[in-house]
Amino acid sequence: MVNFTLNGLEVSVEKGTTLLEAADFYGIEIPTLCHDKGLSPYGACRLCLVEIGTPGRSRLVSSCTYQAREGLNVRTHSERVIKARKLLIEMYVALCPSSKVIQCLASKYHVTKVRFSPKHEDCILCGLCVRMCDEQMQAKAISFVNRGGRRLVSTPFAKKSEDCRLCGACIYICPACQTRCQGPQEENILCNACLNLEPPCLEKFEDVMCYMDPCVACELNTDKKPNK
Amino acid sequence: MGLRTNPKACYRSYMKVDLTKIDQIINQIIDKYKDDEDVPYISILQDINDEYRYLPEEALYRVSQKMEVSMSHLYSLATFYKCFSLVPKGEHEIQVCMGTACHVRGASRILEKVTRDLQVKPGKTSENGKFSLETVNCVGACAQGPLVVFDGKYVGKLTLNKIEKMLGGNHEKDNKTS
Amino acid sequence: MKKITKPAELEELRKIIIDRRDPDKPSVAVCCGTGCLASGALEVVSSFEKILKEKNIDADLDTRITGCHGFCEQGPLMVIKPGNIFYCKVNQHDVEEIVEKTIMRGEIIERLLYVNPVTGEKIVREDEIPFYKKQYRLIFAYNGKLVPTEIDDYIELGGYSALRKVLEGISPAQVVAEVKASGLRGRGGGGFPTGIKWESCYNATDSPKYLICNADEGDPGCFQDGYLLEGNPHSVIEGMVIGAYAVGSKQGYIYVRNEYPLAIKNFGIAVEQARAYGLLGENIMGSGLSFDIRINKGGGAFVCGESSALIASIEGNVGEPRDKHTHATERGLWNKPTVLNNVKTWANIPIILNNGAEWFSRIGTETSKGTMIFSLTGKVNNTGLVEVPMGISLRDLVIDIGGGVPQGKKIKAVQTGGPSGGCIPEHLLDLPVDYEKLTEAGSMMGSGGMIVLDESSCMVDVAKYFLAFTQDESCGSCFSCREGITRMLEITDHITRGQSSLAELDLLQELAEVVKDASMCGLGQTCGNPVLSTIRYFEDEYRAHILEKKCPAGVCRELISFRIDQELCNGCRACLKKCPEEAIQGEKKESHNILQDLCTKCGICLETCKYDAVIKE
Ligand SMILES: Cc1cc2nc3c(=O)[nH]c(=O)nc-3n(C[C@H](O)[C@H](O)[C@H](O)COP(=O)(O)O)c2cc1C
Ligand code: SF4
Ligand code: SF4
Ligand code: SF4
Ligand code: SF4
Ligand code: SF4
Ligand code: FES
Ligand code: FES
Ligand code: FES
């Protein structure tokens, strides 16, 4: 067993458990876009970032790929994490405003403005479909093509693949394919129809106070948290 | 691995192409690496690329068949690494260095000039198949920047007017031959 | 060639080589490094060979094809013995005169000597040139002195004696301890202590163990690693063999950038020759140590310089970095313990073992030991490779060694660390070359690129350039890096077009910080540095673009214009003929005009006009 601190809580998990799995086990929600329990972790979407190490000498890592280590200090909702996460979600919305999954994340994490021009892509390159096709379907029909800013998912030579089993698993798992729900307003780049409450405690402290979902905006235990 | 697809069943369309020459070359190349414990796909593709000056689709397919590796993996490699080309190269290859040292000495204007004079975009081959234009990030001769590599020969300390001379000469040659 | 079967035989071999050679025999060492090749060194060599044959004196003179001498700006260059006469900017038509005058009669040809630009004095010997004076050449000591394709040259100059010393009775643990005590830090960018890396691999229980030499040198504008491989490949091989002995490895790899054909060729020859002498391969020097090196050509991807991506690439995959939660020294190549070091790091090893850790650690500063090699390029008079002790100030480097900025322009900043680094402004040039000091200033040591920027370089353009580079070169797997860079590039592009706002500048800064924080590998974690450092030191330039819609350096196209000075123009029509857009109008012998609507600001007219009548604003 590995013992470490998770949001100030002493926890212990089996060796080899990732931080994401550990947080899940202890009921702390971490958003993800490229993770699926049946597939190998890939670390592409960067939403599952958590802060590790003592304040001052800490860094952000993706919890889906990072395995728990003895004595680690992990914070899943620190100010630094939330700041990065919100900006990433903002970029996701601009990239793919038609995705319900992404719009829901935006509401949940209180992303109420998008400062980037919308692109209306239909893929966020999370790689779930590629792993699904390879690891579960064993077809290897699709893969990442090109690199950097020109990267995309495709069959070889963008031709109809004869390796493909037409199983549809890639479509099933894709987070970008689920179209957003029709909110009460006319469609704009941000839906925000079910906007959540941003934890107000972040204004005062560099960590959130509770991990209630949705946040109930309490201000209990204020003396236990690191002040700004 | 359980459910490996039979590569023969896929990509049937390729079989219409004559593959004997490709096969010979691939066999040679595969032979060269057969003692290695690991499978250096990248080295194999590099050798094929050196041979044809690009990676023919058929060759990729053959490698996938012979080495029991998925087409999608090879295609990923072929599009990830800059040393591979999936389209045939022109008669002359021009690489314009866009490395930092060349950039601060005006490489982008050089590129623009070459693009315009040869009527070919970076990464593409001109319509008459004469010139392929590429950009590279530093060829290690920064002291001579800005520079281009013309068919493997470095032409350095370029100015817009000098590039005209360099290409001008080749245009003439070009006209004579065509 | 006879294999060496015990360490002591190396000295016998060295003696034979020295005896066989006549130290007084005239020779001419022509630099054929990539830089000089680009300026025509090969033509010089072939006309040498031709003329010597014609005159039938080719037996009396050694024509030696060496690697880079460092002073590439002055290439092609050569050193003639006796007299150590240094000629620069030689071309093939000078050769006949050189043979007749200098070689046959010992006369010096003044025209080909290097002229000190400050004093106007002509300098005969290489070591008297100011460019070399403040340098401290350890790793590059023999570059330019030896013929890289001749192992005998390296052995003659004392090569492989560090390996001999190690095999004659220093235990692997002692070697590791020595490297650790020397304070050597990785020269590939991160500056990780080499000894600690080795120790961790030495302690790893899994086997086999692998060594990797990282020669991917992707930083654009950086060439020292390539030149070291092409100019003195055996120093790297010797370092790797010692490393193999120390950590217990049998197989090494070198991952060389594909754009360096000469380095790949020379290193390949060196490996063959080392094997033939029994300095590589089975049972090295009869000591029972077996180690060999395989050459992997890189695929042309900057990100493959990153250690985990490089390993993925050797394994035959796309060069995507992996989250490094276990060190490569425990699970690296094929999941086995692996030591990965930069070319220069390996080349330091023989020097440390020859001279001792204590000697080595006296060079440099508190935390940065030894020397560092920089590729000094950009707007600087003496472009080339310079090797300096750590701790020297940037000013000494750029002004004293580099000879300052050409055409009397003012220096604005020095860029180090390539796409991962930042710009250090002129007022901080007294900073010493030191890992920590450069990082504090918002840049980094990097692997040795040093680009000098003058007043005609636009800092927004520089940041934009690096973003365009990293956008193209990142692997693209993590969202923060891929999309973050794309968005930063978009914003800098707006700025250079004068279509931005201060709010967007804030967003740019926020993005740069988040991308650094959130990305998986070193590329994403550092790609914000060019942006952050230029905003930190040159915010006024950003503001000028945004608020005044002006590019103070006159670089950003959308913000400049060309016009013709009516007084100065004499109507020679030269520019009119050259303008690709037919944007210039005017009658012969009357002053011309530029039609702003048609002008694409290509700058050809500016370069063409001999009367300085075209003005850029
Ligand atoms: C994007 C990126 C590119 C890199 N490129 C190089 C390179 O070209 N050469 C190199 O030696 N190290 C490079 N590195 C650093 C390597 O990851 C690694 O730290 C280094 O090779 C280790 O050797 P050292 O300890 O001798 O420095 C790069 C790192 C990153 C993140
Ligand atoms: S439908 Fe085809 S591409 Fe999609 S997962 Fe199934 S086999 Fe793979
Ligand atoms: S298609 Fe869907 S599942 Fe596949 S990478 Fe894109 S967003 Fe992810
Ligand atoms: S930071 Fe960039 S280069 Fe590194 S793994 Fe992520 S996408 Fe690839
Ligand atoms: S800058 Fe170029 S396009 Fe404009 S007038 Fe001069 S030559 Fe013509
Ligand atoms: S080249 Fe100069 S002098 Fe001649 S017409 Fe043009 S602007 Fe006038
Ligand atoms: S879930 Fe961890 S990076 Fe996507
Ligand atoms: S930057 Fe062009 S050769 Fe190095
Ligand atoms: S290449 Fe000749 S001096 Fe550098």
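Small disclaimer: the values here were computed from a predicted structure and weren't measured. (Residues numbered from 1 in each chain as written. Chains lettered and ligands numbered in written order. Predicted model: local features only at pLDDT ≥ 70, side-chain atom pairs only at ≥ 80, totals over all residues. Heavy atoms only, no water.)

Undergrad: Could you give an account of the overall build of chain C, naming the residues involved and the relevant values?
TA: Across its full length, chain C carries 24 helices and 20 strands. Computed over C-alpha atoms, the radius of gyration of chain C comes to 26 Å, within 12% of the 25 Å expected from 2.2 N^0.38 for 617 residues, which places it in the range of a compact globule. C-alpha extents for chain C along the principal axes are approximately 80 × 65 × 40 Å. For chain C, with 617 residues in total, the buried portion stands at 61%. (Helix = DSSP H or I, 4+ residues; strand = E, 2+ residues; numbered from the N terminus. Rg over C-alpha atoms; globule rule 2.2 N^0.38 Å. Buried < 20%, exposed > 50% of the residue type's maximum accessible area, 1.4 Å probe, protein only.)

Undergrad: Can you break down the site of ligand 4 residue by residue, with the values?
TA: In the neighbourhood of ligand 4, 13 residues make up the surrounding shell, with Cys475, Ser477, Cys478, Cys481 and Cys521 of chain C lying closest. The residue inventory of the shell around ligand 4, partitioned by class, reads 8 nonpolar, 5 polar and no charged. (Near = heavy atom within 4 Å. Nonpolar A, V, L, I, M, F, W, Y, C, P; charged D, E, K, R; others polar.)

Undergrad: So what's going on with the sheet that holds strand β2 (residues 62-66) of chain C? Which residues, and what values?
TA: All names here are of chain C. In space, the 4 strands of this open sheet follow the order β2-β1-β3-β4, with mixed pairing throughout. Single-partner strands in this sheet number two, and they are β2 and β4 (85-87). The mean inter-strand angle of the sheet, taken between neighbouring strand axes irrespective of direction, is 20°. For strand β1 (residues 27-31) and β2, the ladder comprises 5 bridges, and the chain directions are parallel. (Pairing = 2+ DSSP bridges. Axes fitted to C-alpha atoms, helices over the stretch in contact; angles between N-to-C directions.)

Undergrad: For the packing of aromatic side chains, give the residues involved together with the corresponding values.
TA: According to the stated counting rule, one finds 16 aromatic pairs over all chains in the structure shown. For the ring pair Tyr92 of chain A and Phe479 of chain C, a centre distance of 3.5 Å and an interplane angle of 5° mean the geometry is stacked. Highlighted residues: Tyr92 of chain A in helix α2 (residues 79-95) and Phe479 of chain C in helix α19 (residues 479-496), drawn from two different chains. Here the aromatic rings of Phe80 of chain B and Tyr81 of chain B are separated by 5.0 Å at their centres, their planes lie at 75°, and the arrangement is edge-to-face. Judged on exposure class, the residue Phe80 of chain B and its partner Tyr81 of chain B are both buried. Taken together, the ring pairs in this structure connect Phe71, Tyr114, Phe131 and Tyr132 of chain C into an aromatic cluster. Geometry around Tyr435 of chain C places Arg185 of chain C over its ring, the cationic atom sitting 4.2 Å from the centre. In this structure, Arg257 of chain C is placed above the aromatic ring of Tyr260 of chain C, and the distance from its NZ or CZ to the ring centre is 5.1 Å. (Phe/Tyr/Trp six-rings, centres within 6.5 Å; stacked < 30°, edge-to-face > 60°. Lys NZ or Arg CZ within 6 Å of the ring centre and 35° of its normal.)

Undergrad: Summarise the interface of chain C and chain A; cite the residues concerned and give the values.
TA: Across the boundary between the two partners, chain C contributes 32 residues, which contact 33 residues of chain A. Carbon and sulfur atoms make up 50% of the area that chain C and chain A hide from each other, which totals about 2,800 Å². It is His325, Phe479 and Arg487 of chain C that lose the most area in chain C upon contact with chain A, and together they represent 25% of the buried surface on that side. For the pair chain C and chain A, the number of links is 6 salt bridges. (Contact = heavy atoms within 4.5 Å. Buried area = accessible area lost by both parts, 1.4 Å probe. Salt bridge = Lys/Arg side-chain N within 4 Å of Asp/Glu carboxyl O.)

Undergrad: How would you sum up the interface of chain C and chain B? Please name residues and give values.
TA: Counting residues at the interface gives 60 residues for chain C and 42 residues for chain B. Its largest share of buried area at the contact with chain B, chain C owes to Ala38, Tyr465 and Glu607 of chain C, together 13% of the area lost on that side. Summed over the shared surface of chain C and chain B, the result is 4 salt bridges. The residue Arg557 of chain C makes a salt bridge to Glu112 of chain B at a minimum N-O spacing of 2.4 Å. Counting across the interface, chain C meets chain B through 28 residue pairs in polar contact (both at pLDDT 80 or more). If you list the elements that add at least two residues to the side of chain C that touches chain B, you get α2 (34-38), β8 (251-256), β10 (289-297), β12 (371-378), β16 (449-454), α18 (459-473) and α24 (604-608) of chain C. In terms of residue class, the side of chain C that touches chain B is made up of 27 nonpolar, 18 polar and 15 charged. (Polar contact = N/O pair within 3.5 Å; in protein donor to acceptor, adjacent residues only side chain to side chain.)

Undergrad: Give me the lowdown on the domain arrangement of chain C, citing residues and values where you can.
TA: Examined at the domain level, chain C breaks down into domain 1 (24-133), domain 2 (151-361), domain 3 (371-454), domain 4 (459-548) and domain 5 (561-616). Each of domain 2 of chain C and domain 5 of chain C was reduced to a C-alpha centroid, and the two centroids are 56 Å apart. (Domains from an automatic or database assignment.)

Undergrad: So what about empty space enclosed by the protein? Which residues, and what values?
TA: All told, the structure shown has 7 cavities of 30 Å³ or more when counted by the stated rule. In this model, the second largest cavity occupies a volume close to 110 Å³. Lys82, Val136 and Asn137 of chain B together with Asp216, Gly218, Arg257, Glu259, Gly300, Ala301, Phe302, Phe469 and Glu473 of chain C together form the lining of the second largest cavity. Looking at the lining of the second largest cavity residue by residue, the class counts come to 4 nonpolar, 3 polar and 5 charged. (1 Å grid on protein atoms, 1.4 Å probe; cavity = no way out; pocket = protein on both sides within 12 Å on 5 of 7 lines; lining within 4 Å. Points joined across faces, edges and corners; volume = space filled by probe spheres on them.)

Undergrad: An account of the pattern of salt bridges is needed here, citing residue identities and associated values.
TA: Oppositely charged side chains can pair when the atoms bearing their charge come close. For the structure shown, the criterion picks out 67 salt bridges over all chains. For the salt bridge of Asp517 of chain C with Arg80 of chain A, the shortest nitrogen-to-oxygen distance reads 2.7 Å. A residue pair is termed interchain when its members come from two chains, as with Asp517 of chain C in helix α20 (residues 502-518) and Arg80 of chain A in helix α2. Between Lys113 of chain B and Asp117 of chain B there is a salt bridge, and its shortest N-O distance comes to 3.2 Å. Note that Lys113 of chain B and Asp117 of chain B are positioned in helix α6 (residues 107-118) at a spacing of 4 residues, about one turn of the helix. One salt-bridge network, held together by shared partners, links Glu51, Arg75, Arg80, Glu206 and Asp207 of chain A together with Asp517 of chain C.

Undergrad: How would you explain helix α22 (residues 529-548) of chain C if you had to name every residue and give the values?
TA: Residue and element names in this part refer to chain C. Its maximal kink placed at Phe538, α22 deviates by approximately 95°. With respect to burial, α22 is a largely interior element, 14 of its 20 residues being buried. Positive backbone phi, at 55°, marks Lys549, one or two positions downstream of α22. (Bend = angle between axes of the 7 residues up to and from the residue.)

Undergrad: I'd love a proper account of the nonpolar core, names of residues and values included.
TA: Tyr81 of chain B together with Met488 and Leu508 of chain C are the most contacted members of the largest nonpolar core, which has 123 residues in total. Sorting elements by how many residues they give to this core places α2 of chain A first, with 10 residues. In this structure Leu508 of chain C touches Met488, Ile491, Thr492, Ile495, Val531, Ile535 and Tyr542 of chain C, once residues within four positions along its chain are discounted. Leu138, Val176, Val236 and Ile293 of chain C belong to the second largest nonpolar core, which has 73 residues in total. (Core = buried A, V, L, I, M, F, W, Y, C linked by side-chain atoms within 4.5 Å.)

Undergrad: Residue-level account of the side chain of Arg185 of chain C, with values.
TA: By secondary structure assignment, the location of Arg185 of chain C is in the loop between α8 (172-182) and α9 (194-203). A polar side-chain atom of Arg185 of chain C sits 3.2 Å from a polar atom in the side chain of Glu436 of chain C.

Undergrad: Any details on unusual backbone geometry? Residues and values, ideally.
TA: Following Gly145 of chain B, the chain continues to Pro146 of chain B via a peptide bond in cis, the omega torsion being -5°. If you trace the backbone, Pro146 of chain B turns up in the loop between β2 (131-136) and β3 (148-150). One non-glycine residue, Leu125 of chain A, lies in positive phi territory at about 55°. Along the chain, the position of Leu125 of chain A falls in the loop between α3 (100-108) and α4 (128-136). At Asn146 of chain A, a position not held by glycine, the phi torsion is positive, near 65°. Examined against the element boundaries, Asn146 of chain A turns out to sit in the loop between β6 (143-145) and β7 (152-154).

Undergrad: Give a description of α2 of chain A that names residues and reports values.
TA: The end-to-end C-alpha distance of α2 of chain A, which contains 17 residues, comes to 24 Å, matching closely the 24 Å that a straight helix rising 1.5 Å per residue would cover. Among the 17 residues of α2 of chain A, 13 are classified as buried, and the element is accordingly described as predominantly covered. (Expected span 1.5 Å × (residues − 1).)

Undergrad: Tell me about the packing of α19 of chain C against α22 of chain C, residues and numbers included.
TA: Residues and elements named next belong to chain C. Orientation of α19 relative to α22, taken along the N-to-C sense of each, is 35°, at an axis distance of 10 Å. Residues Met488, Ile495 and Thr496 of α19 touch α22, and the partners they reach there are Val531, Tyr542, His545 and Ile546. In terms of residue class, the contact of α19 with α22 is made up of 5 nonpolar, 2 polar and no charged.

Undergrad: Describe the sheet that holds strand β4 (residues 59-62) of chain A, naming the residues involved and giving the relevant values.
TA: All names here are of chain A. Spatially, the 5 strands line up as an open sheet ordered β2-β1-β5-β3-β4, and their pairing is mixed. This sheet does not close on itself; its edge strands, each paired only once, are β2 (9-13) and β4. Averaged over all pairs of adjacent strands, the angle between their axes in this sheet comes to 40°, without regard to strand direction. With 2 bridges joining them, strand β1 (residues 2-6) and strand β5 (residues 73-75) adopt parallel strand pairing. Bridge assignment links Leu6 to a residue of β5, and that residue is Val74. Helix-sheet contacts for α2 involve β3 (49-52), β4 and β5, and the interaxial angle to β3 is about 160°.

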